[in-house]
Amino acid sequence: MRNQGFANGQYYDPNALSAGLPNALQTLLHQIDLIKVGMTGNLAAYQLIDAQGNLVTGSEVDYNGSPAGYTEDPQEDINYVSAHDNQTLWDINTYKIPTERTPAERVRAQVVGEAPVLLGQGIPFVHAGADLMRSKSMDRDSYNSGDWFNRIDWTMQSNEFGMGLPVAGVNQDNWYLMTPLLSNPDIAPMPSDIQLGTEMIQEFYEIRYSSPLFRLQTAEEVENRLTFYNNGPDQLPGLIVMGLSDAADPDLDSTREQIVVLINANDETQTFTDATFAGMDLALNLVQANGVDDVVKTASFDSATGSFTVPGRTAAVFDDFLGLTGTVTQTPSTNPVVMGTYIDIDVSATNYGDTLDDALFMAPIDPDTEYVMGSAYGGAYPLTAAYAAQLAAEKGLPSLADAAEGRSPDDVVAVAWAGQFPTGETVDFGFAVKVTTSSGEVQTSVALFNGATFVTSFDSDTLTIVDNSTYSVDRSKRFNVDRDSYINGTQPSMYYGSDQTMWVGFYDQMRPVVHTPLNGIPTDSPVDQAWLYLYVTEGRKFGNWSQSVLQNVMAHPATTEWMPYAVNWWMPWTMPGGDYGPGGTPNHLGSGKIGTWLRLDITAAVQDMLRSGLNQGFLINSSINESGVHYGLATKEYWDPSKLGYIRVYFRTAS
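Within every chain, residues take consecutive numbers counted from 1 along the sequence as written. Local features in this predicted model are restricted to residues of pLDDT 70 or higher, and side-chain atom pairs are both shown and tallied only at a pLDDT of 80 or more, whereas totals for entire chains, interfaces and linings draw on every residue. Side-chain metrics in this entry use all non-hydrogen atoms of the structure; hydrogen atoms and water are not considered.

## What to know about the sheet that holds strand E18 (residues 369-371)
(1) Moving on: Judged by pairing direction, the sheet is antiparallel, and its four strands sit side by side in the order E15-E16-E21-E18 without closing on themselves. For this open sheet the edge positions go to strand E15 (324-332) and E18, each flanked by a neighbour on one side alone. Along the sheet, successive strands turn relative to each other by an average axial angle of 30°, direction set aside.
(2) Moving on: Two strands form a pair only when DSSP identifies at least two bridges running between them. Secondary structure elements are taken from DSSP: a helix is a run of H or I of four residues or more, a strand is a run of E of two residues or more, and numbering for both begins at the N terminus. Here E15 runs beside strand E16 (residues 342-351); their pairing, made up of nine bridges, is antiparallel. Across the sheet, Thr329 pairs through a bridge with Asp346, a residue of E16. Axes here mean lines fitted to C-alpha atoms, for a helix over just the part in contact, with angles spanning 0 to 180 degrees between N-to-C directions.

## Thoughts on the layout of surface pockets
(1) Moving on: Of the volumes computed, that of the largest pocket is approximately 1500 Å³.
(2) Moving on: Within the residue set of the lining of the largest pocket, elements represented by two or more residues are helix H1 (24-39), strand E3 (62-63), strand E5 (78-79), helix H2 (89-96) and helix H3 (103-119).
(3) Moving on: Under the scheme applied here, ten amino acids are nonpolar (Ala, Val, Leu, Ile, Met, Phe, Trp, Tyr, Cys and Pro), four are charged (Asp, Glu, Lys and Arg), and all others, including Gly, are polar. Of the residues assigned to the lining of the largest pocket, the class counts are 19 nonpolar, 20 polar and five charged.
(4) Moving on: Cavities and pockets were defined on a 1 Å grid built from protein atoms only: a cavity is a group of points that admits a 1.4 Å probe but offers it no way out, a pocket is an open group of points flanked by protein on both sides within 12 Å along at least five of seven lines, and a lining residue is one with an atom within 4 Å of any such point. Grid points are joined across faces, edges and corners, and a volume is the space filled by probe spheres set on the points. The space that makes up the second largest pocket amounts to roughly 440 Å³.
(5) Moving on: If you go around the second largest pocket, you meet 22 residues; those closest to its centre are Pro557, Ala605, Asp608, Met609 and Ser612.
(6) Moving on: Among the elements that line the lining of the second largest pocket, the one with the most residues is helix H11 (residues 603-612), at six residues.

## Comments concerning the environment of Gln491
(1) Moving on: Mapped onto the elements of the fold, Gln491 is located in the loop between strand E27 (483-488) and strand E28 (501-505).
(2) Moving on: Along the sequence, Gln491 and Trp570 sit 79 residues apart, while their C-alpha atoms lie 9.9 Å from each other.

## A word on the sheet that holds strand E19 (residues 381-384)
In sheet architecture, strand pairing relies on hydrogen bonds along the backbone and comes in two forms, parallel and antiparallel.
(1) Moving on: Here we have five strands laid out as an open sheet, ordered E19-E20-E17-E23-E24, and antiparallel in their pairing. Since the sheet does not close on itself, it has two edges, and those belong to E19 and strand E24 (453-459), each with one partner. Strand-to-strand twist in this sheet, taken as the mean axis angle between neighbours without regard to direction, amounts to 30°.
(2) Moving on: As paired elements, E19 and strand E20 (residues 412-421) share four bridges and run antiparallel to each other. Bridge pairing links Leu383 to Ala414 in E20.

## Let's talk about the pairing of E24
(1) Moving on: Here six bridges tie strand E23 (residues 445-450) to E24, and the two strands are oriented antiparallel to one another. By the bridge assignment for E24, Val446 is matched with Phe458.
(2) Moving on: In sequence, E23 turns back onto E24 through a hairpin of two residues, with Gly451 there showing a positive phi of about 65°.

## Quick look at the side chain of Asn621
(1) Moving on: Looking at where Asn621 falls in the secondary structure, it is placed in strand E34 (residues 618-621).
(2) Moving on: One polar contact links Asn621 to Tyr580, side chain to side chain, over a distance of 3.5 Å.
(3) Moving on: In contact with Asn621, other than residues within four places in its own chain, are Val504, Asp508, Arg511, Asn552, Val553, Met554, His556 and Tyr580. As used in this structure description, the phrase polar contact means that two N or O atoms lie within 3.5 Å; if the pair is within protein, one of them must be able to donate a hydrogen and the other to accept it, and residues adjacent in sequence are counted only when both atoms belong to side chains. Pairs of residues are marked as contacts when any of their non-hydrogen atoms sit within 4.5 Å.

## Points about the packing of aromatic side chains
Aromatic rings considered in pairs are described by the distance between their centres and by the relative angle of their planes.
(1) Moving on: When two rings of Phe, Tyr or Trp (its six-membered ring) have centres within 6.5 Å they constitute a pair, described as stacked for plane angles under 30 degrees, edge-to-face for angles over 60, and tilted for the intermediate range. Summed over the entire model, instances satisfying the criterion amount to 21 aromatic pairs.
(2) Moving on: For the ring pair Tyr80 and Phe125, a centre distance of 5.6 Å and an interplane angle of 85° mean the geometry is edge-to-face. Here Tyr80 is found in the loop between E5 and H2, whereas its partner Phe125 is found in the loop between strand E6 (123-124) and helix H4 (146-150), with 45 residues between them in sequence.
(3) Moving on: Each residue's exposure class comes from its accessible area (1.4 Å probe, protein chains only) as a fraction of the maximum for that residue type: buried when under 20%, exposed when over 50%, partly exposed otherwise. Given a relative accessible area of 32%, Phe125 falls into the partly exposed group.
(4) Moving on: Measuring from centroid to centroid gives 5.6 Å for Tyr638 and Trp639, while their planes differ by 45°, and the two rings are tilted.
(5) Moving on: One aromatic cluster is present, built from ring pairs that chain together Tyr229, Phe277, Phe301, Phe308 and Phe318.
(6) Moving on: The cationic tip of Arg599 hangs over the ring face of Trp531; the distance from NZ or CZ to the ring centre is 3.7 Å. A ring is scored as having a charge over it whenever the NZ atom of a lysine or the CZ atom of an arginine sits within 6 Å of its centre and within 35 degrees of its normal.

## Quick notes on the pattern of salt bridges
(1) Moving on: In the sections that follow, a salt bridge refers to a side-chain nitrogen of Lys or Arg positioned within 4 Å of a carboxyl oxygen of Asp or Glu. Taken as a whole, this structure holds 15 salt bridges when the rule is applied.
(2) Moving on: Between Glu105 and Arg313 there is a salt bridge, with its nearest N and O atoms 3.6 Å apart. Taken together, the positions of Glu105 in helix H3 and Arg313 in the loop between strand E13 (307-310) and strand E14 (314-319) put the pair 208 residues apart, joining distant regions of the chain.
(3) Moving on: Taking relative accessible area as the criterion, Arg313 reaches 7% and is therefore assigned buried.
(4) Moving on: A single salt-bridge network, built from bridges that share partners, covers Asp13, Arg101, Glu105 and Arg313.

## Some points on helix H6 (residues 191-208)
(1) Moving on: The terminal C-alpha atoms of H6 lie 26 Å apart, and with 18 residues this matches the ideal 26 Å at 1.5 Å per residue to within 8%.
(2) Moving on: Along H6, the residues classified as buried are Asp193, Ile194, Gly197, Thr198, Met200, Ile201, Glu203, Phe204, Ile207 and Arg208.
(3) Moving on: Contact partners of the buried residues in H6: H3, E6, helix H8 (286-289) and E14. In a helix, the anticipated span is given by 1.5 Å times the number of residues less one.

## Here we look at the packing of H2 against H3
(1) Moving on: It is the contact of H2 with H3, at a shortest axis distance of 10 Å, that shows an interaxial angle of 120°. The angle between H2 and H3 falls in the class oblique. For H2 against H3, the interelement crossing comes out right-handed. Judged by residue contacts, Leu89, Trp90, Asn93 and Thr94 of H2 engage Pro103, Arg106, Val107, Ala109, Gln110 and Glu114 from H3.
(2) Moving on: Here the contact of H2 with H3 is built from residues that sort into five nonpolar, three polar and two charged. Oblique is the label for any angle not under 35 degrees, not over 145, and not in the 65 to 115 range, which are roughly parallel, roughly antiparallel and roughly perpendicular in turn. For any pair of crossing helices, the crossing counts as left-handed if the nearer helix is rotated counterclockwise from the farther one by less than a right angle, and right-handed if it is rotated clockwise.

## Side note on the pairing of strand E8 (residues 239-245)
(1) Moving on: The buried fraction of E8 amounts to seven of the seven residues, a majority that puts the element mostly inside the structure.
(2) Moving on: By the bridge criterion, four bridges tie strand E7 (residues 226-229) to E8 in an arrangement that is antiparallel. Counterpart to Phe228 in the pairing with E8 is Met242.
(3) Moving on: In terms of strand pairing, E8 meets strand E9 (residues 258-264) through seven bridges, oriented antiparallel. Bridging from a neighbouring strand, Val241 pairs with Leu262 of E9.

## Quick word on the side chain of Thr314
(1) Moving on: Take Thr314: it is sitting in strand E14.
(2) Moving on: Take Thr314: its relative accessible area is 2%, and that puts it in the buried class.
(3) Moving on: Setting aside anything within four residues of it in sequence, one finds Thr314 in contact with Arg108, Val112, Leu262, Ile263, Asn264, Val295 and Val296.

## Regarding empty space enclosed by the protein
(1) Moving on: Under the defined criterion, the tally for this structure stands at two cavities of 30 Å³ or more.
(2) Moving on: In this structure, the largest cavity spans a volume of roughly 70 Å³.
(3) Moving on: Lining the largest cavity we find Arg108, Val111, Val112, Met200, Glu203, Phe204, Gln288, Asp293, Val296, Arg313, Thr314 and Ala315.
(4) Moving on: Mapped by element, the contributors of at least two residues to the lining of the largest cavity are H3, H6 and E14.
(5) Moving on: Partitioning the lining of the largest cavity into residue classes produces six nonpolar, two polar and four charged.

## Concerning the nonpolar core
(1) Moving on: The biggest cluster of nonpolar side chains holds 55 residues, and the ones touching the most others in it are Phe6, Leu119, Phe214, Val261 and Ile263.
(2) Moving on: The dominant element in this core, judged by the number of residues it contributes, is H3, at six residues.
(3) Moving on: Residues grouped as a nonpolar core are buried Ala, Val, Leu, Ile, Met, Phe, Trp, Tyr and Cys residues, joined through side-chain atoms within 4.5 Å. If you look at the next biggest cluster of nonpolar residues, it comprises 37 residues, including Met502, Val504, Leu518 and Val536.

On their own, these measurements won't tell you what the molecule is for.
So this is what it looks like as structure tokens:
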């Protein structure tokens, strides 16, 4: 009973046997040093200011002649305040807390006793029923005491205190102390006391798992992020102040930068001030602010002075929690970013605060880019200048009005997302833009409004546009066709992947498809010209020489994945004219070109393929010709390998 501890009254609330003992304050401060080391995960090398004001390591703090700190990693450490051996926490507190203290005060002492375990580093261990204020009627060794002393009342109507005098064994010598305590009707808690204490401890669980800062994985992380305040011989007695910072890299908690834990075991309210916290935007953790304990809700923080006020027998957690967090990422199709680069913009926001009934996300299009039509996803939609001006007037949004000013009515000037944004929900949306200048920077800033009220904004990283128009070294590469076939509207279900000839023409119902790899060209290289070469082997259905010409032969970038032995007119080419993009400059075929190479312009398509990384090859078609003329082109299976089709790309690099 004389040996009180941090949570049950040492120095600040002495019981009848410990009152007036010498060195009570020094004993308490040393106990606090031991608890601080435990809250680091009992790290041997962690440095802290001890009760004498000295900078020491965890291993230099004395624990009954042994080093208190002994681990190299917080995950090596299991922390607890009571276990299956010896008395429960309630029972040991019964010995030590002054007998005149109420059950409600005893519950608060028990909660404070569990706080360093549940809010510190390492692995927490809570003895079965400790959160229910469990008692074994002061039995010190109940392994053979049966259910009468070992039972737990999960209904929380009783904590089983005062069920009888425990068996003799190791208890008999203390019966004279136990008897008056066990028979004292003012010690056992009421069901409402048990319920409150249980829920307060459960809130510590919720707080612990709300941030990875309470569960650091390495000694280095603990050393870089955990700091103790209120140290040395002049500290406020019975108060532990621990700071957890997310300022170091990497960012572990996207919702917080600073957490401050204050565990005030003292029975008096205490105010702690440190200039470190002056100017910080800290508030009581939402779990406690919305929780069951009305006492902790009176804890406060004064940002001007960096002062915390915490009621007696209370553990309070303050943080700079961001009620709403968001990120904007920009992913370019080339590195470095050059004119013509496509940039995917992705926005993600999570609402940890109150529901926004009329949320509006606004993402103006960077002036060095243009919106890619049809690219918005996740419920987002483009805003033309006309619509943006209307919306700006309705909601009173001057920044949106500025974006629309001077633009053509149909120009897309922003992308928006609107709707209800409930607590706990995440909004994900995005769009794509194309870089339209050869220099400058691209950054996307997203503003969030609730109605016309500004809530917050998120900024992406900045992408620098590189001017590659000055690249001076001319290069070229050849890429051989690695697969080819043709689709045939006259026999739409047939495959031609093994033929030596692919046909083009015949009322535009015969269309070759070819593919070559495009590799080894730096994605920032300007492509000056790209040509597709296919060898013309023969022609058919010449009524006369004037009808032999096949006009407007073009190569189009294919947009559908295909294989030579699986492509036909219907699958995956679902409709004539579908599954391919715009063609390049047209050429023509005539009887005079038999035995020569057909050259088709594919410059724009190759530029896009290099920037986007998407290469499905090309489809070749022509104008409808009433004579049904069609020309044969050599495939990769053609008997003469020297006639294999290829692409030649002319480009420039910086070196």
